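Close look at the chain arrangement
For reference, the chains in residue letters:
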Amino acid sequence: LAKTTQPISMDSYEGQEVNITCSHNNIATNDYITWYQQFPSQGPRFIIQGYKTKVTNEVASLFIPADRKSSTLSLPRVSLSDTAVYYCLVGDMSGNTPLVFGKGTRLSVIA
Amino acid sequence: DAGITQSPRYKITETGRQVTLMCHQTWSHSYMFWYRQDLGHGLRLIYYSAAADITDKGEVPDGYVVSRSKTENFPLTLESATRSQTSVYFCASKISGNTIYFGEGSWLTVV
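Nothing here was measured: the structure is a model prediction, and the numbers come from that model.

On to the interface of chain B and chain A, then. Opposite the 22 residues of chain B that make contact, chain A presents 25 residues. Roughly 1700 Å² is buried in total at the junction of chain B and chain A, and carbon and sulfur atoms are behind 53% of that figure. On the chain B side of the contact with chain A, Leu-43, Asn-98 and Phe-102 of chain B bury the most area, a combined 32% of that side's loss. Our enumeration of links across chain B and chain A arrives at zero salt bridges. Our count for the contact surface shared by chain B and chain A stands at three residue pairs in polar contact (both at pLDDT 80 or more). Elements with a contribution of two residues or more to the side of chain B that touches chain A: β4 (31-37), β5 (43-51) and β9 (87-94) of chain B. In terms of residue count, β4 of chain B provides more of the side of chain B that touches chain A than any other element does, four residues in total.

In the structure shown here, the tally under the stated rule is 15 aromatic pairs over all chains. With a centroid separation of 5.7 Å and an interplanar angle of 75 degrees, the aromatic rings of Phe-101 of chain A and Phe-102 of chain B are classed as edge-to-face. Within this pair, whereas Phe-101 of chain A is found in the loop between β8 (84-92) and β9 (105-110), its partner Phe-102 of chain B is found in strand β10 (residues 101-102), the two belonging to separate chains. Taken together, the ring pairs connect Tyr-36, Phe-46, Tyr-87 and Phe-101 of chain A together with Tyr-10, Phe-33, Tyr-35, Tyr-48, Phe-90, Phe-102 and Trp-107 of chain B into an aromatic cluster. Over the aromatic face of Phe-74 of chain B sits the side chain of Arg-68 of chain B, whose NZ or CZ is 5.9 Å from the ring centroid. Sitting over the face of the ring of Tyr-31 of chain B, Lys-94 of chain B holds its NZ or CZ atom 5.1 Å from the ring centroid.

For the rest of this paragraph, the subject is the layout of surface pockets. Empty space among the atoms becomes visible once a probe the size of a water molecule is rolled across them. There is about 540 Å³ of room inside the largest pocket. Lining the largest pocket are 29 residues, with Arg-106 of chain A together with Gln-37, Asp-38, Gly-40 and His-41 of chain B sitting closest to its centre. Listed by contribution, the elements that provide at least two residues to the lining of the largest pocket are β8 and β9 of chain A together with β9 and β11 (106-110) of chain B. Split by residue class, the lining of the largest pocket holds 12 nonpolar, 14 polar and three charged.

With that settled, the discussion passes to the state of the cysteines. Among covalent bonds in proteins, the disulfide is the one between the sulfur atoms of two cysteines. One pass over the structure, following the stated rule, counts two disulfides over all chains. The partner cysteine of Cys-22 of chain A in its disulfide is Cys-88 of chain A, sulfur to sulfur 2.2 Å. Taking the sign of the S-S torsion, about -80 degrees here, the bridge from Cys-22 of chain A to Cys-88 of chain A comes out left-handed. Within this pair, whereas Cys-22 of chain A is found in strand β2 (residues 18-23), its partner Cys-88 of chain A is found in strand β8, the two being separated by 66 residues in sequence. Each of the two residues, Cys-22 of chain A as well as Cys-88 of chain A, counts as buried. Across the disulfide, Cys-23 of chain B is cross-linked to Cys-91 of chain B (sulfur-sulfur distance 1.8 Å). Every disulfide takes its handedness from the sign of the S-S torsion; for Cys-23 of chain B and Cys-91 of chain B that torsion is -80 degrees, giving left-handed. Of this pair, Cys-23 of chain B sits in strand β3 (residues 19-25) while Cys-91 of chain B sits in strand β9, and the two are 68 residues apart along the sequence. Classification of Cys-91 of chain B by relative accessible area gives buried; the value is 0%.

Residue and element names in this part refer to chain B. Side-chain alternation along strand β1 (residues 4-7) places Ile-4 and Gln-6 on a buried face and Thr-5 and Ser-7 on a face that remains uncovered. As defined by bridge partners, β1 adjoins β3 across four bridges and the pair is classed as antiparallel. Within β3, the position partnered with Ser-7 by the bridge is Met-22.

Turning our eyes to something else, we now look at the pattern of salt bridges. Residue and element names in this part refer to chain B. The final tally for this structure, using the stated rule, is four salt bridges over all chains. For the salt bridge of Arg-17 with Glu-14, the shortest nitrogen-to-oxygen distance reads 3.3 Å. Given a relative accessible area of 49%, Arg-17 falls into the partly exposed group. The residue Asp-38 makes a salt bridge to Arg-36 at a minimum N-O spacing of 2.7 Å.

Right, let's talk about the nonpolar core for a bit. Buried together is how nonpolar side chains tend to be arranged in soluble globular proteins. Counting residues in each nonpolar core, the largest one holds 20 residues, and the members touching the most others are Ile-33, Trp-35, Leu-73, Leu-75 and Tyr-86 of chain A. Those elements giving two or more residues to this core turn out to be β2, β3 (31-38), β4 (45-50), β6 (61-64), β7 (70-75), β8 and β9 of chain A. Residue contributions to this core peak at four residues, all from β8 of chain A. Counting residues in each nonpolar core, the second largest holds 18 residues, with Val-19, Cys-23, Ile-46 and Leu-78 of chain B among its members.

Basis of the calculations
- Residues numbered from 1 in each chain as written.
- Chains lettered and ligands numbered in written order.
- Predicted model: local features only at pLDDT ≥ 70, side-chain atom pairs only at ≥ 80, totals over all residues.
- Heavy atoms only, no water.
- Contact = heavy atoms within 4.5 Å.
- Buried area = accessible area lost by both parts, 1.4 Å probe.
- Salt bridge = Lys/Arg side-chain N within 4 Å of Asp/Glu carboxyl O.
- Polar contact = N/O pair within 3.5 Å; in protein donor to acceptor, adjacent residues only side chain to side chain.
- Helix = DSSP H or I, 4+ residues; strand = E, 2+ residues; numbered from the N terminus.
- Phe/Tyr/Trp six-rings, centres within 6.5 Å; stacked < 30°, edge-to-face > 60°.
- Lys NZ or Arg CZ within 6 Å of the ring centre and 35° of its normal.
- 1 Å grid on protein atoms, 1.4 Å probe; cavity = no way out; pocket = protein on both sides within 12 Å on 5 of 7 lines; lining within 4 Å.
- Points joined across faces, edges and corners; volume = space filled by probe spheres on them.
- Nonpolar A, V, L, I, M, F, W, Y, C, P; charged D, E, K, R; others polar.
- Disulfide = S-S within 2.5 Å.
- Buried < 20%, exposed > 50% of the residue type's maximum accessible area, 1.4 Å probe, protein only.
- Pairing = 2+ DSSP bridges.
- Core = buried A, V, L, I, M, F, W, Y, C linked by side-chain atoms within 4.5 Å.

Pasting the structure below:
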């Protein structure tokens, strides 16, 4: 299983762009990178997923360099409601790999 | 969305008692998972199942038993509850790939 490493916590002011980087040095060729968001007292929810280069949706962008050994989740103009824990996972799309969550990054957005 | 439901949502039990946490999903997803999340920590995988009658251990399976006689149900049993099993338990499911859908969680306190 590809292991991921993320910063434990980050702080940001409202309106700023936040970039959370995840390291996954032993990512396999068939692995995709997926990010989840978890609010207090709730289960995590899917944010974004990618394989290489850049992926963007209405919530975030995901940047993946050519070597794929890391990825960066970018949240544009964060608000207080973006305060949550963000998890980076890697796994192949076959679904055979059980998804293991790390400790995630606790983002605190300050007014 | 209420596609995956957990019960009970809150439970207090005594050390040594058997406790079963229920998980039901209405999507007919093949894969189901049980995670635990201790206060202030990330998610740890307890058991997972790729299909009915197929289960596998995750990161922290000791002290837990699962079964999957029907695709839609994946109960988790603590055969003899210990205080260290006080936690929030999340059930999750997916069809394939890395997009997992989580339940709302079951808060278990062992006294």
